[in-house]
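Per-entry structural report
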Amino acid sequence: MGINIPESHPRAASLKIREALIRGVEDNVVAYAGLIAHGRGEAFDYLIGEKTIPQAQRAIEAAAASLLNAAAPVISVNGNTAVLVPRELVGLSEITGARLEVNLFYRTREREEAVRKALLDAGGRHIYGVGEAASEVIDELQSERRRVDPDGILKADVVLVPLEDGDRTKALVRCGKTVITVDLNPLSRTSRTAHITIVDNITRTLPALIEKVKELKTTPRPALKRIVESYDNKKNTGEALRAICDRLLLLAGGGTDIP
């Protein structure tokens, strides 16, 4: 059951996200484990100050260039993202030509259909990876994540994997695909394995990514390639960790940048 959240509440935005995810569980879009994953991510959001840090902005630029330069980009969608940013996922798909594919760890046909419905309700058209369409497998994986659409993730050259998904990120990299991830935890296997890691909240990243894609839309392919090649994920993720450390030291010393 939802609750009334006053706009004046200092944690209004965070509480609205939590309520949306709870409704997502009730609608069979979000798995119970998704609530735990969100809580873990929210803890890291506190550490970065609940804002898009410069390191995330650099990764967003590289991600935008990579998606625009891709031959067959795919956006992988799980339950949490389908609840938190469905319209943004559809918008990013439309502006980049990336296909939207449902891919779930806790996969049931009912959940696949629920996630597809959330995307269709947000304006999506064709949604890949549902039911019999997920007819191929990634041999490196043992979980239900291994099931992919032959017209989607299987043939993609660039895959956006929002939110933490370490095993599949490793498997996709081994398959030769460029992996972009949005993960608030810079210590996760996903963050450390992906080619481009955006250490930020998905609700801030997707709108910013769409705007960056619009900005780079007319950029020649060689210039897009240079943006991607000049990006160093290991260095950038390390700098994100240092930004967290610096902020914690500032707060420990009496700083007051907490929102």
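Small disclaimer: the values here were computed from a predicted structure and weren't measured. (Residues numbered from 1 in each chain as written. Predicted model: local features only at pLDDT ≥ 70, side-chain atom pairs only at ≥ 80, totals over all residues. Heavy atoms only, no water.)

1. A short note on the nonpolar core
Operational definition: Nonpolar cores were defined as sets of buried Ala, Val, Leu, Ile, Met, Phe, Trp, Tyr and Cys residues, with membership established by side-chain atoms within 4.5 Å. The buried label goes to any residue with under 20% of its type's maximum accessible area, the exposed label to any with over 50%, and the partly exposed label to all in between, with areas taken from a 1.4 Å probe on protein chains only. Secondary structure elements follow DSSP: runs of H or I of four or more residues count as helices, runs of E of two or more count as strands, with numbering from the N terminus. Note on definitions: a residue-residue contact is assigned when non-hydrogen atoms from the two residues lie within 4.5 Å.
Within the largest apolar cluster, 57 residues are counted, with the highest numbers of intra-cluster contacts made by Leu92 and Leu209. The biggest single contributor to this core is helix α3 (residues 54-69), with nine residues. The residues contacting Leu92, other than those within four sequence positions of it, are Leu67, Ile75, Leu160, Leu206, Leu209, Ile210 and Val213. Counting 12 residues, the second largest nonpolar core, distinct from the first, contains Ile138, Ala156, Ala171 and Ala194.

2. Focus: the packing of aromatic side chains
Test applied: Planes of paired rings set the category: under 30 degrees apart is stacked, over 60 is edge-to-face and the rest tilted, where pairs are Phe, Tyr or Trp rings (Trp by its six-membered ring) whose centres lie within 6.5 Å.
Under the criterion given, the structure shown has one aromatic pair. With a centroid separation of 5.0 Å and an interplanar angle of 70°, the aromatic rings of Phe105 and Tyr106 are classed as edge-to-face. For Tyr106, a relative accessible area of 45% gives the class partly exposed.

3. Observations concerning the pattern of salt bridges
Using the following cut-off: Every case where a carboxyl oxygen of Asp or Glu lies within 4 Å of a side-chain nitrogen of Lys or Arg is listed as a salt bridge.
Applying the stated criterion across every chain, the model contains 15 salt bridges. For the salt bridge of Arg146 with Glu144, the shortest nitrogen-to-oxygen distance reads 3.4 Å. Residue classification places Arg146 among the partly exposed residues on the basis of a relative accessible area of 26%. The network of salt bridges with common partners includes Arg109, Glu113, Arg116 and Glu132.

4. Things to note about unusual backbone geometry
Unlike most non-glycine residues, Asn28 shows phi in positive territory, near 70°. Position of Asn28 relative to the elements: it lies in the loop between α1 (12-26) and α2 (32-48). A relative accessible area of 31% places Asn28 in the partly exposed class. Positive phi outside glycine occurs at Glu50, with the angle close to 50°.

5. A closer look at the sheet that holds strand β3 (residues 127-128)
As a reminder, the rule being used: Here, strands pair whenever DSSP counts at least two bridges between them.
The sheet built from six strands is open, its strands ordered β3-β2-β1-β6-β7-β8 with parallel pairing. Of all strands in the sheet, those with a lone pairing partner are β3 and β8 (196-198), marking the two edges. Relative to β8, strand β7 (residues 178-182) is paired through three bridges, and the arrangement is parallel. Opposite Val182, over in β8, you have Ile198 as the bridge partner.

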